[in-house]
Amino acid sequence: DAGVIQSPRHEVTEMGQEVTLRCKPISGHDYLFWYRQTMMRGLELLIYFNNNVPIDDSGMPEDRFSAKMPNASFSTLKIQPSEPRDSAVYFCASSFTRVFGYTFGSGTRLTVV
Amino acid sequence: DAKTTQPTSMDCAEGRAANLPCNHSTISGNEYVYWYRQIHSQGPQYIIHGLKNNETNEMASLIITEDRKSSTLILPHATLRDTAVYYCIVRPINTGGFKTIFGAGTRLFVKA
């Protein structure tokens, strides 16, 4: 298995533009998580899904952020409109059941100018 | 979620065992202890987890005290590539929230 795959690896966009981050979890994993990491705030959980259903989105900072999981092999995190304070590394992770540890992707480094 | 307390940073000589402590004095009976690490510019990596028994895998050993209020992650022969931030996390697996909340972790420096 190739692990959790995120795209793009790097994204530079202008303030006000829409940004879409993509994630392919490990096949067979039933949980998917989106995290954001900054120097100031560390790793923050934004939202997680179980069997493609959003379970907890209390970490999503604003209505500008939305996440979807249309099927078991794909998820998106969208920011519209983007702002400079959204600049961060965004990680996707997946897990098999509630017991096992998470497998993280390599992240998407987002820069909003 | 139960909170954990870890030292901010630690040093270890290459080839020696690295012992990383974690305090989780408010841990509940249904909460497991998980350890992750994050090497610079990479995503966090799962290392090991346990409930009350000591655990060992190819990466590390996890020692949990009998009262479960603290644990130690042991890297038996640290290498330069083990330099990373190590996170100790407690969370339930069978009830309630399934969030893994990361704290500041311990920054381990392995020196030649």
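Keep in mind that what you see is a predicted model, and the values were worked out from it rather than measured.

Observations concerning the environment of Ile47(A)
Residue and element names in this part refer to chain A.
Next up, step 1: The topology assignment puts Ile47 in strand 5 (residues 42-50).
Next up, step 2: Taking the C-alpha atoms as reference points, Ile47 and Trp34, 13 residues apart in sequence, are found 5.5 Å from one another.
Next up, step 3: Not counting residues up to four positions away in its chain, the partners in contact with Ile47 are Leu32, Phe33, Trp34, Pro54, Asp56, Asp57, Met60 and Ala67.

Regarding the packing of aromatic side chains
Next up, step 1: One pass over the full model with this rule turns up 16 aromatic pairs over all chains.
Next up, step 2: Ring geometry for Tyr36(B) versus Phe102(B): centroids 5.4 Å apart, planes at 65°, classification edge-to-face. One end of the pair, Tyr36(B), is in strand 3 (residues 31-38); the other, Phe102(B), is in the loop between strand 8 (84-92) and strand 9 (106-111), with 66 residues separating them in the sequence. Each member of the pair, Tyr36(B) together with Phe102(B), is buried.
Next up, step 3: In textbook terms, an aromatic cluster arises when at least three aromatic residues are bridged by ring pairs, as seen for Tyr31(A), Phe33(A), Tyr35(A), Tyr48(A), Phe91(A), Tyr102(A), Phe104(A), Tyr36(B), Tyr46(B), Tyr87(B) and Phe102(B).
Next up, step 4: The aromatic ring of Tyr34(B) is capped on one face by Arg91(B), whose charged end is 4.3 Å from the ring centroid.

Here we look at the sheet that holds strand 1 (residues 5-7) of chain A
Residue and element names in this part refer to chain A.
Next up, step 1: Strand order in this open sheet of four strands is 1-3-8-7, and the pairing throughout is antiparallel. The open sheet terminates on both sides in strands that have one partner only, identified here as strand 1 and strand 7 (65-71). Strand-to-strand twist of the sheet, defined as the mean angle between neighbouring strand axes without regard to direction, takes the value 15°.
Next up, step 2: Here five bridges tie strand 3 (residues 19-24) to strand 8 (residues 74-79), and the two strands are oriented antiparallel to one another. Each residue of the ladder has a partner; that of Arg22, found in strand 8, is Thr76.

Let's talk about unusual backbone geometry
Residues and elements named next belong to chain A.
Next up, step 1: Cis peptide bonds are those with omega within 30 degrees of zero, and the linkage from Ser7 to Pro8 qualifies with -10°.
Next up, step 2: Mapping Pro8 onto the fold places it in the loop between strand 1 and strand 2 (10-13).
Next up, step 3: Cis geometry marks the peptide bond from Gln80 to Pro81; its omega dihedral reads -5°.
Next up, step 4: With respect to the helices, strands and loops of the structure, Pro81 is situated in the loop between strand 8 and strand 9 (88-95).
Next up, step 5: You will see that Asn51, though not glycine, has its phi angle at about 50°, which is positive.
Next up, step 6: Of note, Asn51 is situated in the loop between strand 5 and strand 6 (53-56).
Next up, step 7: Using a relative accessible area of 51% as the deciding quantity, one classes Asn51 as exposed.
Next up, step 8: The backbone of Asn52 sits at a positive phi, close to 75°, despite the residue not being glycine.
Next up, step 9: The residue Asn52 is located in the loop between strand 5 and strand 6 in this model.

Some words on the interface of chain A and chain B
Next up, step 1: Listed as interface residues are 19 residues of chain A and, on the opposing side, 20 residues of chain B.
Next up, step 2: Across the interface of chain A and chain B, roughly 1,600 Å² is buried in total on both sides, 55% from carbon and sulfur atoms.
Next up, step 3: On the chain A side of the contact with chain B, Leu43(A), Arg98(A) and Tyr102(A) bury the most area, a combined 40% of that side's loss.
Next up, step 4: Remark: the boundary between chain A and chain B carries zero salt bridges.
Next up, step 5: Between the two partners, chain A and chain B, sit five residue pairs in polar contact (both at pLDDT 80 or more).
Next up, step 6: If you list the elements that add at least two residues to the side of chain A that touches chain B, you get strand 4 (31-38), strand 5 and strand 9 of chain A.
Next up, step 7: The leading source of residues in the side of chain A that touches chain B is strand 4 of chain A, at four residues.
Next up, step 8: Of the residues belonging to the side of chain A that touches chain B, the class tally is eleven nonpolar, six polar and two charged.

Each value, and the rule that gives it
Residues numbered from 1 in each chain as written. Chains lettered and ligands numbered in written order. Predicted model: local features only at pLDDT ≥ 70, side-chain atom pairs only at ≥ 80, totals over all residues. Heavy atoms only, no water. Helix = DSSP H or I, 4+ residues; strand = E, 2+ residues; numbered from the N terminus. Contact = heavy atoms within 4.5 Å. Phe/Tyr/Trp six-rings, centres within 6.5 Å; stacked < 30°, edge-to-face > 60°. Buried < 20%, exposed > 50% of the residue type's maximum accessible area, 1.4 Å probe, protein only. Lys NZ or Arg CZ within 6 Å of the ring centre and 35° of its normal. Pairing = 2+ DSSP bridges. Axes fitted to C-alpha atoms, helices over the stretch in contact; angles between N-to-C directions. Buried area = accessible area lost by both parts, 1.4 Å probe. Salt bridge = Lys/Arg side-chain N within 4 Å of Asp/Glu carboxyl O. Polar contact = N/O pair within 3.5 Å; in protein donor to acceptor, adjacent residues only side chain to side chain. Nonpolar A, V, L, I, M, F, W, Y, C, P; charged D, E, K, R; others polar.

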